[in-house]
Amino acid sequence: MKVPFADLKAQHAPIRGEIRRAIDAVVDSGEFSLGQFVEEFEHKFASYCKVNYAVAVGSGTDALLLSLLALGVGSGDEVITVPMTYVATAEAISMTGAKPVFVDIDQSTYTMNPHLLKDTISSKTKAIIPVHLFGHPADMESIMEIAEKYRIPVIEDASQAHGTLYRGRKTGSLGHIGCFSFYPSKNLGALGEAGAIVTNDRKVTEKLRCLRNHGQLTKNQHCLIGWNSRMDNIQAAVLTVKLKYLDQNNALRRDIAIQYGNTLKSFANLVTPIEANDAVHSYHIYAIQVPDRKKFVDMLNGRCIGHAIHYPIPIHLQKAYSHLGYRIGDFIVSEKCSKRFVSLPVFPELSNQQITIVIESLRDCLI
Ligand SMILES: *Cc1c(COP(=O)(O)O)cnc(C)c1O
């Protein structure tokens, strides 16, 4: 029996009727880009994140880019983030004309190490983007303390952390601005591309609403140079349906993570994910560190167990970022993790039988 790494068909099968009705309602309305369905989703997602405003946009990458633009970030500026993240975090910075400046991750949470943050701040730093990697929250209290001291806004990249809790609060609501992706494989996924920005700042919200729609709030009055990053009403209507199931799906992910953890804790040469800083992890990804990745991956392949590697090359060592002049050895925790991480299947629809297959395979092969 195969165990896939992800199974989006299984995710939609039980809610197929509800999704079809939501799509039909949009078709019947004749309104496809922005409008009542987007507004309803924005309202529900803001209240889920416990913030005042949500602005729905075209993707998670756009959410980051427009947030930076709304803060006035551009050419000559620097934005601090981590090298162990999906490349989109750095791309959004580069697309504004600003320069990404990296700071290494913490070795146990895999998120921005606040102790290294102060030394990377310069007079050019215009924003800090911590990433809640894999669904574990960054140490936001320490990061916000430093950011507030230097008066630098913080944009959370919460694209892997829908519903994650940090000291009882939702990720996305902890910094000045929170960015989400609803790429289909995320914990809350659309049936295509979509993203959102959440904030309590009314001025930033107005600017974002303007930027995502060609710089206009009133038709044909372009007060800013904007862009087209409107969310489709079909995606919004589907997301409103799927948002209802987010918490229960995250609980299923956590349950699988606990079962894996119980099996793997007896193997001293493996590193399994932890929950630090009073976190409730949402396990977008269940990544473990293994000493011999090739051997481990061969074993998984031999048993038809789906897996993935997030991320085999940290961004500072990617060709596209060679102009920044970073070298091997600059971010040792990210580099070590990039060689040792393997992600196991952790999606909510995994059957008990599939979970047992993964656990027994791990046990057999690791002994
Ligand atoms: C998925 C992801 C993004 C980009 O989101 P898209 O919707 O694919 O543009 C950005 N940052 C992180 C950490 C992500 O995982």
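The residue count restarts for each chain, going from 1 along the sequence in the order it is written. Only residues with pLDDT of at least 70 are given local features in this predicted model, and only at 80 or more are side-chain atom pairs given and counted; all residues enter the totals for whole chains, interfaces and linings. Only hydrogens and water are removed before side-chain values are computed, so all heavy atoms of the structure are retained for them.

## Considering the sheet that holds strand β7 (residues 169–170)
One open sheet accounts for three strands, arranged β7-β6-β12; its pairing is antiparallel. Bordering the open sheet on either side are β7 and β12 (279–280), each of which pairs with just one other strand. Should DSSP find at least two bridges between two strands, the strands are regarded as paired. By definition, any uninterrupted DSSP run of H or I lasting at least four residues is a helix, any uninterrupted run of E lasting at least two residues is a strand, and each is numbered from the N terminus. Relative to β12, strand β6 (residues 165–166) is paired through two bridges, and the arrangement is antiparallel. Paired with Tyr 166 across the two strands is Ala 279, which belongs to β12.

## Section: helix α3 (residues 36–49)
Each helix should span, by expectation, one fewer than its residue count multiplied by 1.5 Å. In this model α3 runs 20 Å from its N-terminal to its C-terminal C-alpha over 14 residues, within 8% of the 20 Å that 1.5 Å per residue would give. For every residue, the accessible area (1.4 Å probe, protein chains only) is compared with the maximum for its type, and the residue is labelled buried under 20%, exposed over 50%, or partly exposed between those bounds. Within α3, burial applies to Phe 37, Val 38, Phe 41, Glu 42, Phe 45, Ala 46, Tyr 48 and Cys 49. Seen along its axis, α3 keeps its buried residues to an arc of 160°; they face one direction. Facing away from the buried side of α3 by more than 90 degrees, the exposed set consists of Glu 39, His 43 and Ser 47. Backbone geometry just downstream of α3 places Lys 50 in the positive-phi region, at approximately 60°. Throughout, the arc means that of the directions going from the helix axis to the C-beta atoms.

## Topic: the sheet that holds strand β2 (residues 78–81)
Spatially, three strands are ordered β3-β2-β4 in an open sheet, and the strand pairing comes out parallel. Two strands close off the open sheet at either side, each with one partner strand: β3 (99–102) and β4 (125–128). Shown here is a sheet whose adjacent strand axes are inclined to one another by a mean of 30°, direction ignored. Pairing of β2 with β3, which is carried by four bridges, proceeds in the parallel orientation. For Val 79, the partnering residue across the bridge sits in β3 and is Pro 100. Strands β2 and β3 of the sheet are contacted by helix α5 (residues 88–95), whose axis makes an angle of about 140° with β3. Each axis is a line fitted through C-alpha atoms, taken for helices only over the stretch in contact, and angles between the N-to-C directions span 0 to 180 degrees. Contacts are assigned to residue pairs that have any heavy atoms within 4.5 Å of one another.

## Observations regarding the state of the cysteines
Cysteine sulfurs are considered disulfide-paired once they come within 2.5 Å of each other. The tally for this structure, following the rule as stated, stands at zero disulfides. For the unlinked cysteine Cys 210, the closest cysteine sulfur is that of Cys 223, found at 3.6 Å. In this model Cys 365 remains outside any disulfide bridge; the closest cysteine sulfur is found in Cys 304, 12 Å from its own.

## Thoughts on empty space enclosed by the protein
Only protein atoms enter the 1 Å grid, on which a cavity is a set of points fitting a 1.4 Å probe that cannot get out and a pocket is an open set with protein on both sides within 12 Å along at least 5 of 7 lines, lining residues being those with an atom within 4 Å of a point. Grid points are joined across faces, edges and corners, and a volume is the space filled by probe spheres set on the points. Tallying each qualifying case throughout the model produces two cavities of 30 Å³ or more. Considered as a void within the structure, the largest cavity measures approximately 70 Å³ in volume. Looking at the largest cavity, the residues that line it are Ser 108, Thr 109, Tyr 110, Leu 133, Phe 134, His 136, Pro 273, Ile 274, His 281, Ile 285, Tyr 286 and Ala 287. Considered class by class, the residues forming the lining of the largest cavity number eight nonpolar, four polar and no charged. A volume near 30 Å³ is recorded for the second largest cavity. Taken together, Val 51, Gly 172, Ser 173, Gly 175, His 176, Ile 177, Gly 178, Val 198, Thr 199 and Asn 200 make up the full set of residues lining the second largest cavity. Its residues placed into classes, the lining of the second largest cavity shows three nonpolar, seven polar and no charged. The classification used treats Ala, Val, Leu, Ile, Met, Phe, Trp, Tyr, Cys and Pro as nonpolar, Asp, Glu, Lys and Arg as charged, and all other residues, Gly among them, as polar.

## Quick word on the side chain of His 310
For His 310, the position within the fold is in the loop between α10 (293–302) and α11 (332–340). The class for His 310 is buried, based on a relative accessible area of 13%. At 2.8 Å, the side chain of His 310 forms a polar contact with the side chain of Ser 343. Residues in contact with His 310, not counting those within four places in the same chain, are Phe 5, Met 84, Phe 134, Ile 285, Phe 341 and Ser 343. In the analysis that follows, any N or O atom pair within 3.5 Å is treated as a polar contact, provided that within protein one partner can donate a hydrogen and the other can accept it, and provided that, for residues neighboring in sequence, both atoms belong to side chains.

## Points about the pairing of strand β14 (residues 341–344)
Residues Phe 341 and Ser 343 of β14 are buried on one face, and the alternating residues Val 342 and Leu 344, pointing to the opposite face, are buried as well. Where strand β13 (residues 286–289) and β14 come together, four bridges link them in antiparallel fashion. For Ala 287, the partnering residue across the bridge sits in β14 and is Ser 343.

## Structural notes on the packing of aromatic side chains
How two aromatic rings sit relative to each other is given by the distance of their centres and the angle of their planes. Only the six-membered ring of Trp is used, alongside the rings of Phe and Tyr, when aromatic pairs are assigned; centres must lie within 6.5 Å, and planes under 30 degrees apart are stacked while those over 60 apart are edge-to-face, with the rest tilted. Taken as a whole and judged by the stated rule, the model has 14 aromatic pairs. With a centroid separation of 5.5 Å and 20° between ring planes, the pair formed by Phe 41 and Phe 45 is classed as stacked. You can see Phe 41 and its partner Phe 45 sitting in helix α3, four residues apart, about one turn around the helix. Given the relative accessible area of 0%, Phe 45 is considered buried. Residues Tyr 86 and Tyr 311 carry aromatic rings whose centres are separated by 6.0 Å and whose planes lie at 40° to one another, so their mutual orientation is tilted. Linking Tyr 86 in the loop between β2 and α5 with Tyr 311 in the loop between α10 and α11, this pair joins segments that are 225 residues apart in sequence.

## Quick notes on helix α12 (residues 352–366)
For α12, built from 15 residues, the straight-helix expectation of 21 Å at 1.5 Å per residue is met to within 8% by its first-to-last C-alpha distance of 21 Å. The complete set of buried residues in α12 reads Gln 354, Ile 355, Val 358, Ile 359, Ser 361 and Leu 362. For α12, the arc enclosing every buried residue in end-on projection is 160°, short of the 170-degree limit, so these residues lie on one face. Of the exposed residues in α12, those oriented more than 90 degrees away from the buried face are Asn 352 and Gln 353.

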